[in-house]
Amino acid sequence: KTNKHADFIFCDDVKVATQKFLERHVGKDSIAEYAFARSVHNHQVAKKSGVTAVRHCPLMIRLGVAVRNAMGFKGGLYNLVAKICGLPSDRHLRRFTVTNSNDPDGVMHVCCKRARELFKQKYPNAGRHDYSRHTVLAFDAMHAKGRFGVSRNTNELVGIEENAFEDAVIAQELKELEENDSEEEEASMKLPGIAQHFLVFIATTWSSEGKIQFLAARYGLKSITAPKLIRELMKIIIALSFYGFIVDMIAADGASENRLTFKTLANVSAREVLLGTFTKEELQGLPLDFKIGFPHPSGLYRNSITIIIGGEMPHWGKKFRNAFCNKSRELIFRGQFMSLDILYEIWLATGDADVAGGATLRKYKFTHDHFKLGAYLKMRVFLALQIPSQTCIQMIKDYCECPDNCDEIEHYQPMIELFDKVDRLVDIMNGTGFKKGRDRNVELINNPRHRHIFELFDILRIFEEWKNECGGFNEKFITQYTYEDLVWMVFGVAATAALYLREDGSRTMHQGRSGSDVCEHFFSMIRYVNSNPTMQQCREGASKVSSGLGMQGVAFQTESKANSGRAPTASASELLAPIESNFDRPSKKIKSS
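Residues numbered from 1 in each chain as written. Predicted model: local features only at pLDDT ≥ 70, side-chain atom pairs only at ≥ 80, totals over all residues. Heavy atoms only, no water.

Draft legend 1. Seen up close, the environment of Gly276. Relative to the helices and strands, Gly276 resides in the loop between helix H12 (270–274) and strand S9 (291–295). Taking the relative accessible area as the measure of exposure, Gly276 reaches 75% and is therefore exposed. For the pair Gly276 and Leu499, spaced 223 residues apart in sequence, the C-alpha separation works out to 9.7 Å. (Helix = DSSP H or I, 4+ residues; strand = E, 2+ residues; numbered from the N terminus. Buried < 20%, exposed > 50% of the residue type's maximum accessible area, 1.4 Å probe, protein only.)

See the structure below:
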């Protein structure tokens, strides 16, 4: 059965039809008409040539991406429709929508372009300095299995040290070989350094109205150093500003190279940022001389944006708990000794450790894994954060109220108050905005003087009191690294709110995005497939995560604001522009019969 467009679709002279199409107003219907007209023509050419492969026009590829996006990303249903309608196959579309795992290290421009398109859809009227563009940039690295990665397409080595084949490096290695010419050849030969660390940078917008999160950059490095991180951070932040995203916070865990990076970059103190929003009395007792930020490196935002250094709550929680079982420390607060062994003895006294076989129910959620820690158990976040919790506080109170015990609650009051503050810190930093958050009296921060910020100040004050009581950093107090991470975490949220939120509550920040937990989630997805991945598998995982539209596939999707829906405005030259594939494969020559 034909329709009113049959003459246009099945015409013989495609050039004439193309000219008519270009002269017409580009709309949703005319775009689809031309796409199918080109597809039918290409199928006819392929059939006459006696080949099965069809060369799809860029417009048909965009249409296929839009249809596949609407049907889902598994590809089964789309492939069925593609065979019937002559659309490009799912495998063919992935050449244009998936980042190549063999691309050079650095900024992933395909992801940034896609994120910019998604941002334009969600915020069509956003200005250059709009708050919806503000972004936190988190970075972290995972250890990859020591192995050379090989490109399946070009048979080239990938995943090696990025400067292994530079002229200067090769010349230096040749010089070393000449100097050691008298030694055995096997002892003097050196291979290029193997990339053992997979470093990723993930950008996430602050606004709670619609989160945009994407992989901004990835690297395979033999070792991670602070100078390298500083150089790449500046490049990535400037590149993101080019794509319309304003980085106002960087976050990472407490690794030594990350800490050195933060201390090298930071030149703005907390006093300079917070004193205009809070009074001196409200900031009393806080380490205001601590450096927490630096100016934006882009000339467009250098005078208006201060990039704040954020903390990492899950990693800090592990360090805080591990301090209670550190043999080199004897934590004392307000004259009372605190340790994990004390809590273990209390737990044993409650009788929960005797529960076996499911005959009775535990009163508390603790197990031996909470108290008897090995190298693996020390890294488990949920076990660590269950120690400074309301459950642990209730267990201590129940133990002291038991008539069989002679211990008084006053001996544990300093630890109870400390655990209560840390438990509140975890709830605030999680930033849950749904029912679980409301039950815990937690909400997203939407003004510079939000009540949660004053709560964070009180939490930091109790640690300042503890540090001053111990006389500084010694065995009676937590480590200096743990303390500094806490300061960055508290001041990171407070400074971001003071600089970029408004008192009328029109801007909201999701404080749960201020850490690098998103990087850990990404690494867990890679390890789910292989617990000990190679560098090539890490790069392939990054390619799958970063797959998306990438080429104006939204040209065939309607805008929901109109009653009947209409396609976004686009020129014919934009829609017909060639699409650069991520896989440059030589075209097969047609054998002449």
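Draft legend 2. Seen up close, the packing of aromatic side chains. Applying the stated criterion across every chain yields a total of 30 aromatic pairs. For the ring pair Phe214 and Phe245, a centre distance of 5.1 Å and an interplane angle of 50° mean the geometry is tilted. Residue Phe214 is located in strand S6 (residues 213–221), and its partner Phe245 is located in the loop between helix H10 (226–242) and strand S7 (246–251); the two are separated by 31 residues in the primary sequence. When its relative accessible area of 0% is taken as the criterion, Phe245 is described as buried. Between Phe324 and Phe419 the ring centres are 5.6 Å apart and the planes differ by 55°, which places this aromatic pair in the tilted class. (Phe/Tyr/Trp six-rings, centres within 6.5 Å; stacked < 30°, edge-to-face > 60°.)

Draft legend 3. Local environment of helix H7 (residues 109–122). Across its 14 residues, H7 extends 20 Å between first and last C-alpha, which sits within 8% of the 20 Å expected from 1.5 Å per residue. Along H7, the positions that sit buried rather than exposed are Cys111, Cys112, Ala115 and Phe119. What you see down the axis of H7 is that its buried residues fit within an arc of 95°, all on one side. Each element contacted by the buried residues of H7 is listed here: strand S1 (106–107), S6 and H10. (Expected span 1.5 Å × (residues − 1). Arc of directions from axis to C-beta. Contact = heavy atoms within 4.5 Å.)

Draft legend 4. Representation of the sheet that holds strand S5 (residues 197–205) in the model. Ordered in space as S1-S6-S5-S2-S7-S10-S9-S8, the eight strands form an open sheet in which the pairing is mixed. Where the open sheet ends on each side, the last strands, each with one partner, are S1 and strand S8 (268–269). Relative to S6, S5 runs antiparallel, the two being bridged by eight bridges. Bridged to His197 within S6 is Leu221. Together, S1, strand S2 (134–143), S5, S6, S7, S9 and strand S10 (306–310) form the strand contacts of H10, whose direction differs from that of S6 by roughly 150°. In the packing of helix H23 (residues 535–545) onto the sheet, the strands contacted are S2, S5 and S6, and the crossing angle to S5 comes to about 15°. (Pairing = 2+ DSSP bridges. Axes fitted to C-alpha atoms, helices over the stretch in contact; angles between N-to-C directions.)

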